[in-house]
Amino acid sequence: MNVYDSGRMADVLAPLGYAPTATPDDADMVILNTCHIRDKAAEKVFSELGRLRVVKQARQDAGQPTILAVAGCVAQAEGAEIMARAPYVDIVLGPQTYHRLPEMVARAARAGGGVIETDFPAEAKFDHLPDSATPQGVTAFLTVQEGCDKFCSFCVVPYTRGVEASRPAAAVIAEARRLVAQGAREITLLGQNVNAWHGDAPGDAPMGGAWTFGRLLRALAEVPGLLRLRYTTSHPRDMADDLIEAHRDVPQLMPFLHLPVQSGSDRILAAMNRRHTVDDYLRLVGRLRTARPDLAFSSDFIVGHPGETDADFAATLDLVRRVGFAQAFCFKYSSRPGTPAAGAPLQVAEPVKDARLQTLLALLREQQAAFNERSRGLVLPVLFIGPGRRPGQLSGRSPFLQPVHVDGPISMIGQVAPVTILDGRPNSLAGTLNLEQICA
Ligand code: SAM
Ligand code: SF4
């Protein structure tokens, strides 16, 4: 989502004459777009700011001022604290205020810095942003929903991104059409809880009225030239029946679903305030696999949430074995100030978290490698997104989000073509273009 947000900030600043530069040394303004989800991500901001201070000073000495801004969730959470720790920062802006960047830049230039905007403005950011003008490429992101009302014990999102809000269906469809006109062939819909999206479309039912996320996907599948749809990140509780049916009915919807479970222990899921059990999750996976038998799953896991015992962790390993994941992200629990879990008793010791992380990662890596290995010999439709590392090589994506490398002409970029998979590596696939099938 920060990648998408950074693009939209560039769109807002373009009319002022700003354009992206390759390095901070050439930049009249630097915006650090930050993440607060884990402590490590937040700390990186201050070490990066230390480096940018040197660049700013060197430019200043050469008579070239630099505006330094911190955007995103660290800005939202830390606010004035950022300027106290790094007084050379000129602007601190939260994720809901970036449509006001031009005004902040003018204020910072006039006053020599000191601009802090971390409120949740009454007007919706997206209503005030210009249409995205910078092409994202063959694969594009599109934010449809932001914020969260679920308040998991460990998570800062409801505090930094604010309450759950969905963009109107018409705005999403119009942006998807623009992205396709700019060359996108695959769109990934984004939201902290993307499948909580809900909206109103103009007109009467069945075309207008209240829309679910499943209905939105069906409408997007009708956008001419849009070959593939994905969405992330979903909450298990928001997998409505019509969304499951969309996985059965909508061919553009790729057979890969990121569905975070966090833990395989009911006790820990309750402590996390996840509002689903292990059984709910397994039944959901079963229903999705019935709807779309080749659906591959990915997930997020947190190890070492306060109160997690060896038995709870063993239950997580058990869940992983029962589901079988194509890919997954594992995190050590990171205490976030102001969240309920931060003050909970029975915090898990760091070495225990480390050991559990390594065990879980090893199991998930094994599953990912086995999943990729099973692709060997299959013919998969691959969307080519750019040149590969070697001359003459192309890089693409399988329906299951695996990177695929083949030799082929650059003219294939933006097209879907059948590829015979010759090698299933731990993190990617290698294959050969099926030229007879393409010609036929
Ligand atoms: N909304 C999604 C859900 O409900 O599963 C998750 C979105 S969250 C922005 C991305 C991931 O970051 C979470 O799934 C979780 O695994 C991880 N995460 C969030 N807070 C964390 C924390 N305090 N420590 C470690 N990992 C965390
Ligand atoms: Fe965070 Fe996801 Fe829980 Fe919302 S549902 S609080 S975004 S982990």
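Structure first, text after, so check above.
How each quantity is defined
Residues numbered from 1 in each chain as written. Chains lettered and ligands numbered in written order. Predicted model: local features only at pLDDT ≥ 70, side-chain atom pairs only at ≥ 80, totals over all residues. Heavy atoms only, no water. Helix = DSSP H or I, 4+ residues; strand = E, 2+ residues; numbered from the N terminus. Buried < 20%, exposed > 50% of the residue type's maximum accessible area, 1.4 Å probe, protein only. Contact = heavy atoms within 4.5 Å. Areas by Shrake-Rupley, 256 points an atom, 1.4 Å probe, with all protein chains shown as cover. Lys, Arg positive; Asp, Glu negative; His and termini not counted. Charge placed at Lys NZ, Arg CZ, Asp CG, Glu CD. Salt bridge = Lys/Arg side-chain N within 4 Å of Asp/Glu carboxyl O. Near = heavy atom within 4 Å. Polar contact = N/O pair within 3.5 Å; in protein donor to acceptor, adjacent residues only side chain to side chain. Nonpolar A, V, L, I, M, F, W, Y, C, P; charged D, E, K, R; others polar. 1 Å grid on protein atoms, 1.4 Å probe; cavity = no way out; pocket = protein on both sides within 12 Å on 5 of 7 lines; lining within 4 Å. Points joined across faces, edges and corners; volume = space filled by probe spheres on them. Pairing = 2+ DSSP bridges. Axes fitted to C-alpha atoms, helices over the stretch in contact; angles between N-to-C directions.

A.B. asks: Can you break down the overall build of the protein chain residue by residue, with the values?
C.D. replies: A count of helices and strands for the protein chain gives 14 helices and 19 strands. Seen along its three principal axes, the alpha-carbon backbone of the protein chain occupies a region of about 60 × 60 × 55 Å. Across the 440 residues in the protein chain, those meeting the buried criterion constitute 52%. Sequence-distant contacts, at least 24 apart, represent 70% of the contacts inside the protein chain between residues at least 6 apart. Carbon and sulfur atoms provide 56% of the accessible area of the protein chain, an area that totals close to 19,400 Å². Each charge class in the protein chain can be summarised by its mean position, and for the 45 positive and 47 negative side chains these summaries are 3 Å apart.

A.B. asks: Describe the pattern of salt bridges, listing the residues and the values that go with them.
C.D. replies: Evaluation of the coordinates by the stated rule reveals 35 salt bridges. The shortest N-O distance in the salt bridge between R248 and D249 comes to 2.7 Å. For D249, a relative accessible area of 36% corresponds to the partly exposed category. Put simply, R283 and D280 hold a salt bridge, and the shortest N to O gap is 3.5 Å. With a gap of three residues between them, R283 and D280 both fall in helix α11 (residues 278–291), about one helical turn apart. A relative accessible area of 52% means that R283 is categorised as exposed. Because the salt bridges share partners, they merge into one network encompassing R100, E103, R107, E117 and D119.

A.B. asks: Talk me through the site of ligand 1; I want residue IDs and the actual numbers.
C.D. replies: Looking at ligand 1, there are 18 residues lining it, with Q192, Q262, R274, D300 and S334 nearest. At 3.0 Å, a backbone N or O of F154 approaches a nitrogen atom of ligand 1. One of the side-chain nitrogen or oxygen atoms of D300 is found 2.6 Å away from an oxygen atom of ligand 1. When ligand 1 sits alone it has 560 Å² of accessible area, and the protein chains cover 90% of it. Residue assignment for the shell around ligand 1 shows that the elements contributing at least two residues are β13 (296–303) and β14 (327–332). Partitioning the shell around ligand 1 into residue classes produces seven nonpolar, six polar and five charged.

A.B. asks: Give me the layout of surface pockets: which residues, what numbers.
C.D. replies: One number sums up the size of the second largest pocket: a volume of about 690 Å³. Around the second largest pocket, the lining comprises 29 residues; the ones closest to its centre are S6, A10, P20, T21 and I31. Within the lining of the second largest pocket, the residues separate by chemical class into 16 nonpolar, eight polar and five charged.

A.B. asks: I'd like to hear about the sheet that holds β13, residue by residue, with values.
C.D. replies: Spatially, the three strands line up as an open sheet ordered β12-β13-β14, and their pairing is parallel. With partners counted over all chains shown, the strands left at the sheet margins are β12 (256–258) and β14, one partner each. Each adjacent strand pair in this sheet contributes to an overall mean axis angle of 10°, direction not counted. Bridge count for β12 against β13 is three bridges, and the pairing is parallel. Note that in β13 the partner of L257 across the bridge is F297.

A.B. asks: Outline the site of ligand 2, supporting the account with residue identities and numerical values.
C.D. replies: The environment of ligand 2 is made up of C148, K150, F151, C152, F154, C155, V157, P158, N193, H235 and R274. A breakdown of the residues in the shell around ligand 2 according to their chemical character gives seven nonpolar, two polar and two charged.

A.B. asks: So, the pairing of strand β15 (residues 379–387): which residues are in play, and what are the values?
C.D. replies: The side chains of a regular strand alternate between the sheet's two faces. Pairing of β15 with strand β18 (residues 416–424) involves five bridges; the strand directions are antiparallel. Bridge pairing in β18 places L383 opposite V416. Sheet topology note: the β15/strand β16 (residues 393–397) ladder contains four bridges and is antiparallel. In the sheet register, P387 faces β16, and the bridge partner there is L394.

A.B. asks: Residue-level account of the side chain of Q393, with values.
C.D. replies: Positionally, Q393 belongs in strand β16. Among the polar contacts made by the side chain of Q393, one reaches the main-chain amide nitrogen of R389 at a distance of 3.1 Å. Q393 has contacts with P387, G388, H405, V406 and D407, leaving out every residue within four places of it along the chain.

A.B. asks: Can you explain the environment of R177? Please cite residues and give values.
C.D. replies: Considering the arrangement of structural elements, one finds R177 in helix α7 (residues 169–181). The class for R177 is partly exposed, based on a relative accessible area of 46%. Dropping the residues within four chain positions of it, R177 is found in contact with V223 and P224.

A.B. asks: Let's hear about the side chain of D300: which residues, and what values?
C.D. replies: Along the chain, D300 falls in strand β13. Lacking a salt bridge, the buried D300 has R38 as its closest oppositely charged neighbour, with an N-O distance of 7.1 Å. Once residues within four sequence positions are removed from consideration, D300 is found in contact with H258, P260, V261, Q262, F329 and F331.

A.B. asks: So what about the environment of G203? Which residues, and what values?
C.D. replies: Among the secondary structure elements, G203 is positioned in the loop between β9 (199–201) and β10 (209–211). Through-space distance from the C-alpha of G203 to that of F151 is 34 Å; in sequence the pair is 52 residues apart.

A.B. asks: Just give me the short version of the sheet that holds strand β5 (residues 139–143), but keep the residues and values in it.
C.D. replies: On the basis of which strands lie adjacent, the open sheet formed by three strands has the order β5-β8-β11 and parallel pairing. Because the sheet does not close on itself, it has two edges, and the strands there are β5 and β11 (228–232). Across the sheet, the axes of successive neighbouring strands diverge by a mean angle of 25°, strand direction being ignored. Pairing of strand β8 (residues 186–190) with β11, which is carried by five bridges, proceeds in the parallel orientation. When the sheet's bridge partners are listed, T188 is paired in β11 with R230.

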